[in-house]
Structure formats: C-alpha cells, structure tokens
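# Coordinate inspection notes
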Amino acid sequence: MISFEYSQDQMAIREVALKFARKEMRPWTAHYDEAQEFPRPILQKAWEQGFLNTCIPEEFGGQSLETVTATLISECLAYGCLGMNTAIMANDLALLPIALGGSTEQKEKFLRPFTESYKIASFCLTEPDHGSNAAGIETTLEEKGDFLELTGNKMWITNAGVADLFVVYATINKDLGRKGITAVVVEADSSGISLGAKEKKMGHRCSDTRTVTFSKVKVSKANILRGIGQGWNLAMETLNHSRCLVASSAVGGAQAALDHAKNYAGQRLQFGRPIGEFQMIQAMLANMAMKIEASRLLVQKAAWLVDQKTPDPKICSMAKAFASDTCMEVATDAVQIFGGLGYGQEYPVEKIMRDAKLLQIYEGTSQIQRLVIAKEVLKQSDF
Amino acid sequence: MEIFVCVKQVPDTETKIIPKSDGSFIEESQIKWIVNPYDEFAIEQALLIKALKPDTTTVTVIRVGQTRDSEALRNAMAMGADEAILVEANDNLDSLSVAQALKAAIEKSGKKPDLILTGKQAIDDDCLQVPQILAELLNMPSVSVAVAMEFQESQITVKREIEGGALEIYNCPLPAVISCNKGLNTPRYTSLPGILKAKKRPLTTLNLAELGVEAPKILYSNFKLPPEKPAGKKFMALEDKDITGAVQQVVQLLRTEAKVI
C-alpha cells in the first residue's frame, strides 16, 4: 500500500542536488554568513540547474514538479546551507500564491519571466504589530477607481533588498477581519516602495531581510490574486505547500548537523578512545537520528497528501513544528558533541545552530503550529 | 555528425571492496555505482562539440554491462546526450570482449561514427586498453590521455599528456577514437529539466549473443585482498652517538625482513 521509495527521477535529482550542495554551497557558506552578503553567484547557478521556483507549472515554463520532489530538493539544498536555501525558498513562498490562485494571464505574466532568467521574489505578510496574528494586518488597499492604492509597513521580509517582484497581503477593510484580506502582485520598481536597512540577524545572515514600506503604491486591479477578500483562503492553501518546504529544509539542516557530529565523534579521542564509543554520546546521536528520520517521514507524508490533492493542514503543521524543533535540538546537540570546538566559528555546527532557531519562528511559530494541530485534534473523531 | 561516447559504471571511489568468498569477483550488493569519472570528461566533450552544430549532431552513449547501468546512461542523457545503447553483459568481461561489443553495437545502430570518445581508463580495473582495441577493430586512429581538443570539420587536434607534464600534439583525421583525461573540461551537472527529459529519450537494449561477441579469452581467476600492511617501525636515536646503531638496525631489517637490498 505505501511505498517509501523515491522514483528513479527523484533519486537522480537527489544526487545532483546533494552534489550541488557539497560542491557549490558548502565551500561558501561560512563566507556569505560572515559577510552577511547575498549569495547571488551561487543562487544564479542553482537557478541554472533548475532547482529554483519548483512551484511553477510546465505550461508556464516550469517543471510541474510534485511537492514530494520539491521538498526533496529543499532538503538537499538546506543540507548545503540553510541561509542560502531560505533565499531560494522565499521565491516559492511568493510565487505559490500566483501558481495556486492566479488567473492564466497572471501566471503567464508573472511566473514565466522567472523561468527565463534568475529573478527574485518576496512574500510580504508580517508587519511590525502583526506576526502570529496575521489576520489583523493593517496594510491597506484603497479603492481608487481603476486601480488600488497600497499603504503600510511590512517587516522581516526575505529578499526585500534584491526582489524583482513582491506578493503582498493587505486588507481592503480592517473591520472585515479575514474576509478583507487580499493578495496582490507588486512590481519592485513601482513608485512608493521604500526599503529599510538590512537586518543583522542571528542566523540566515546571507539572506537579505528588511522592512518594506508601501506609500500609496499604485496597484493595477489586474494584479489581484483570485479576488478581493480571497487573500486569507489563498494564504491557507499556500501554507500547505510552503510549510512542507520549510519543514524539509529543517530536515536537511538537521541532517547536516548530525553528519558533522557523527564524523567528529568517530575521530575525536578522549580518555584514549573515540568519543563515539561512549554511551552518552551514542545516546545523543541515536536521539538525533531518530528525530531526523521521524521528521523526514512526516514531511514526506505531508507533501504526498498535497500531491494526492488531499492536503492535510494538521499533517503539514505537524511536519513543520516537529522538523523545525528537531533541527534546533539536533543542532544544539551537535555543538555539544563538538564541545569547545563546536562553539568556535572554525567548525560548521555553531552556524547551523544559529540558523536552526529561525525555523521555529518563521512560516508560523512552533506555538502557532501547535494551535493549528490542537484545533484539528479536538475536532476529529476517534481513531 | 555522429558522436559515440563509451561509458562504464564503476564502484564509487569510497567503496570498501570485498572479494566474493569464492574469489570469483567482488561483492556487488553493497556497492554504490557511479559513472567512471574519466568517462564524464568524454560525455562533456561530446556535448561541447555538439553545441557547435546542435541540430545536425547526435551524441549516443553506449555501455556494456549489467542492467543497473541504465543509471549511467540516464545520467548522460540528463546531461544532454541524445540516445543510449545498453549491451547487457556481466562485469567480468575482458577488454577485447568489451571492445568487440562496443564495435558491434555501433555498427548495429546504423549510424556511421565520426568521433568516438571514451575515458582514458576505468577506475576499477585500470586496464587502459578498450579505446585502443576498439580503434583497431574499427580500423580508426586513436589518441589517448587527451587533455585538450580542438575540433575541426574532418580532423581533430589533440594534446596528449605524457610523463613530466609534457604535451604531444596530434592532428588526427576523423573518424577516430579519443580517450579523455582529467583537465580536458569541467563536466556539467545534470540539470533538473534534463533529468526529467532523460526518460523520454531512446534507450536500446542489446545482448552479447545477438551481437555475435565471442566469449572472453581472458578470465579473472581469483580476487583477493592484498596482505595487510604491518605497522611501521620507529627507530629512535635520542643522541647523536646512537645514530650509527639505528642506521645499522635499519639496514639489517631492509636486508633480512624487507629483502630489498
């Protein structure tokens, strides 16, 4: 009934994605993290290999990749560098609402250019006063006859400083709550957009994160995705895909931490033996490996359900919460296994630990995920 | 223009090789198989030449070996090769049989080869013979260990690496068999669209019998691991006066134990 096997194509994709992660990303991960520099040359190469914008359908120049395959790629690239992978994933976070909710004309107009050259997209939801309470966003869309006027502040926007395209969630009327929320596409060269300074962050430091201010930005009505007041539902649909991507990146990051720790434990001698022979280290490694395996399976199931056209928000939330919590725990344990050396920047695990923290925060905090899960659990009938 | 690339699938370089208990071959079940690294330079070179005249050039990859080798062929097609041929056979063939199989497969394809590219050697058996035998069977010239290649319409200028890093330069008329070395080019990654398109490309499967290939004349008789290297010996001379004694010890052991002087 269930196969846990990847197809031949997926195995071939996995192999080249891991090769890319090891040869093109790993050698540069420390550099771009320390310099806090956007890793454009590497992302350009990743685009050339076809790793980016996995959500674009074939009719619009993409590959119509299955979600399982997209998450596999995300896992492998995160194995290379979590920070670079965030900059990559952010494109899909922004393009997914267009792929899921856009008209044929909108998909042709906005998605195809991303298949013709390396372009960058930015997804704008969070505001200074509205993070977890996304339904309360205050950025407004005002009716102005032939067009709409966009005004508000967005915060923690990935790729903001380098984006060619913004996908923005705003409200046409705060009093309508969720029913007022509307998603629009905004070209980055529109007038009235100003960017804040680049945020200095704990991790994902190569990723360009800023506030974005929209001051009466003119938005064509042709750029509304799905319709006025349809934004909330579109966002929920998008989350089923994007939470899978983030969850699988957490698996990749955790796997990288485990591999570093496992290799170190086999080499580091103390008390005359490799530390991997001591039971406490073994217990840590076993727990790390178990959690990663379980996370991976949850992600695969969540993605598979999306591909079956029966997405399950509960499973997607479980995958995101479990995998991101796992990544933080595994990365922390990896630093512990390295001991003093793990604390230093000469070794790669402290960076993974710094990167892992964000995974528990963005795309819905681990706490919000639990609310989603509990709501479903309380609703559901017995086993 | 018809280019053929001969590829072999070999155990990954990190593999721990274990002989079968009866010594007839190596244990294959746990092996991770990869495209012979030198063959990747050959595939890349074929694709670079194809790029000069993409509409009128066909790149066909051939492999002689077990069915699992369609992976190597799919990989080559994902890089950009147009077609693939698999000649099913077990791995224990000698170089002559492999070359005969390649020749027969090329002839059966109906395509007249303009250029045949291979890696300079397979990293598992290191025979370095198949390209040269193949050329002989096809009555073509061959140049080995190519590190640079300039392709003109009916001839190819090849730089061949020899001892000391010196280069021999050959102007070789086509058709010819050229075996490729590291440094010739940088093999491209398989792209995602390439991987997805690869399964739609034609892969023909043949076998030795229908190609009329004789049984191998040379057979491997036994596979065994080399004897374990003993631990090195350290000769300590803590003070100058002890050096003579240490040297005498070393000379003595080189004579009686290592038997090299």
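Structure shown above.
Remember, it's a predicted structure, so these values are computed and weren't measured experimentally.

### Side note on the overall build of chain A
From N to C terminus, chain A includes eleven helices and ten strands. Against the compact-globule benchmark of 21 Å for 383 residues, chain A has a radius of gyration of 21 Å, which places it among compact chains. Dimensions of chain A, computed from the C-alpha atoms along their principal axes, are close to 80 × 55 × 40 Å. Considering only residue pairs separated by 6 or more positions, chain A has 75% of its internal contacts joining residues 24 or more positions apart. In the form shown here, chain A has an accessible surface area of approximately 17300 Å², with 54% of it arising from carbon and sulfur atoms.

### Some details on the side chain of Gln 106 of chain A
Residue and element names in this part refer to chain A. Following the sequence through the fold, Gln 106 ends up in helix α5 (residues 104–116). Using a relative accessible area of 7% as the deciding quantity, one classes Gln 106 as buried. For Gln 106, the contacting residues outside a window of four places in its chain are Ile 98, Gly 101, Leu 111, Ala 222, Asn 223, Ile 224 and Leu 225.

### Quick notes on the sheet that holds strand β5 (residues 83–88) of chain B
Residues and elements named next belong to chain B. The nine strands lie next to each other as β9-β8-β7-β10-β6-β1-β4-β5-β11, forming an open sheet whose pairing is mixed. Strands at the two margins of the open sheet, each flanked by one partner only, are β9 (167–173) and β11 (203–207). Here the average twist between neighbouring strands, direction ignored, is 35 degrees. When strand β1 (residues 2–6) meets strand β6 (residues 115–119), the two strands line up parallel, connected through four bridges. Residue pairing for β6: Cys 6 is matched across the bridge by Thr 118. Sheet strands in contact with helix α3 (residues 95–108) are β1, β4 (58–65), β5, β6 and β11, and its direction is about 140 degrees off that of β4. Along the sheet, helix α4 (residues 130–138) contacts β1, β6, β7 (142–151) and β10 (176–180); its crossing angle with β6, the most-contacted strand, is approximately 160 degrees.

Cut-off values and rules
- Residues numbered from 1 in each chain as written.
- Chains lettered and ligands numbered in written order.
- Predicted model: local features only at pLDDT ≥ 70, side-chain atom pairs only at ≥ 80, totals over all residues.
- Heavy atoms only, no water.
- Helix = DSSP H or I, 4+ residues; strand = E, 2+ residues; numbered from the N terminus.
- Rg over C-alpha atoms; globule rule 2.2 N^0.38 Å.
- Contact = heavy atoms within 4.5 Å.
- Areas by Shrake-Rupley, 256 points an atom, 1.4 Å probe, with all protein chains shown as cover.
- Buried < 20%, exposed > 50% of the residue type's maximum accessible area, 1.4 Å probe, protein only.
- Pairing = 2+ DSSP bridges.
- Axes fitted to C-alpha atoms, helices over the stretch in contact; angles between N-to-C directions.

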